[in-house]
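Structural features, examined
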Amino acid sequence: MDNYLIYVGVAIATILLPGPAVMLTINNSIQRGLFKSISGILGIALAILLVAVISATSLGIILASSVMAFTIVKIMGAVYLICLGIKTWCAKETSGACSSFQEISFLRCFVEGFLVSILNPKAAVFFMSIFPQFIDLSQEYRPQFVLLAMTFSALVIVIHTTYAIFSSFAKSKISSSKVSVFLNKVSAGVFVGSGIGLAASSK
């Protein structure tokens, strides 16, 4: 239990760190509304859960050991983040709100959240490095792995939903067109910067 609580603390600290997924949640909440933001959060959480599962399979080993496999996924993720950043930067404003953002469906929000997380190969490497630190090899492996993976995914939902709720409360204070445009530019910068950083990163 002590190890599990330490794991929860590490997971919370990791999820709280600002990055493209957090920025997507905040931007969705302000520009598209709380419910569409939650749709994106579910996509992020599902992707994280799948990455955790992949990290425990041969696919995770291939991704971690093969430079080619890691690079392919890394470039795909970088291209997607940069494209998302460009779309966010070019979004048009109407009546103080981004109309192109508001018209996007719940499914589109879910897919965006899913892709932002699933196309990050460093997440699989992270899970492969952290899980062994908290799994007791003298006990059955599968229940421990399921608990750790589900805990991380659940914490993603809780923390990102908290971000979304606070962002939704702040929406009324930043509803002007100029502030909305500024937020789009900041979000776009984070997406593009994260994409470039991912492309330039190593394992």
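For the structure, check the block above.
In what follows, the accompanying structure is described. None of these values were measured; they are calculated from a predicted model.

Moving on: the nonpolar core. Ranked by size, the top nonpolar core spans 39 residues in total, and within it Tyr7, Val116, Phe127, Phe131, Phe152 and Val156 carry the most contacts. Those elements giving two or more residues to this core turn out to be helix 1 (2–16), helix 2 (20–31), helix 3 (34–55), helix 5 (67–90), helix 7 (106–118), helix 8 (121–134), helix 9 (141–170) and helix 10 (177–200). Considering each element in turn, this core owes the most residues, seven residues, to helix 9. The contacts of phenylalanine 131, once residues within four sequence positions are left out, are Tyr7, Ala52, Ser55, Phe145, Leu148 and Ala149.

In this model, helix 7 (13 residues) spans 18 Å end to end at C-alpha, consistent with the 18 Å of a helix rising 1.5 Å per residue. When we look at burial in helix 7, the residues that qualify are Cys109, Glu112, Gly113, Phe114, Val116, Ser117 and Ile118. Of the surrounding elements, those touching the buried residues of helix 7 are helix 2, helix 3 and helix 5.

A word on helix 2. With twelve residues, helix 2 should cover 16 Å at 1.5 Å per step; its first-to-last C-alpha distance of 16 Å lies within 8% of that length. Burial within helix 2 is extensive, with twelve of its twelve residues counted as buried. Within helix 2, burial applies to Pro20, Ala21, Val22, Met23, Leu24, Thr25, Ile26, Asn27, Asn28, Ser29, Ile30 and Gln31. A positive backbone phi angle near 110° is found at glycine 33, which sits one or two residues after helix 2.

For the rest of this paragraph, the subject is the pattern of salt bridges. One pass over the structure, following the stated rule, counts two salt bridges. Ionic pairing is found between glutamate 112 and arginine 32, a salt bridge with its closest N-O pair at 2.8 Å. Of this pair, glutamate 112 sits in helix 7 while arginine 32 sits in the loop between helix 2 and helix 3, and the two are 80 residues apart along the sequence. By the burial criterion, glutamate 112 is buried, and arginine 32 matches it. With relative accessibility at 3%, the residue glutamate 112 sits in the buried group. Linked through salt bridges whose partners overlap, the residues forming this network are Arg32, Arg108 and Glu112.

Procedures and definitions
- Residue numbers restart at each chain and count upward from 1, following the sequence in its written direction.
- Where totals are concerned, whole chains, interfaces and linings use all residues; where local detail is concerned, this predicted model gives features only for residues with pLDDT of at least 70, and gives and counts side-chain atom pairs only at 80 or more.
- Working from all heavy atoms in the structure, the side-chain values ignore hydrogens and water.
- We call a set of buried Ala, Val, Leu, Ile, Met, Phe, Trp, Tyr and Cys residues a nonpolar core when their side-chain atoms join them within 4.5 Å.
- Residue exposure (1.4 Å probe, protein chains only): buried if accessible area is under 20% of the type maximum, exposed if over 50%, otherwise partly exposed.
- The way it works is that DSSP assigns letters per residue, a run of H or I at least four long becomes a helix, a run of E at least two long becomes a strand, and they are numbered from the N terminus.
- Contacts between residues were defined by any pair of non-hydrogen atoms, one from each residue, lying within 4.5 Å.
- What a helix should span is 1.5 Å times the count of its residues minus one.
- Counted as salt bridges are all cases of a side-chain nitrogen of Lys or Arg within 4 Å of a carboxyl oxygen of Asp or Glu.

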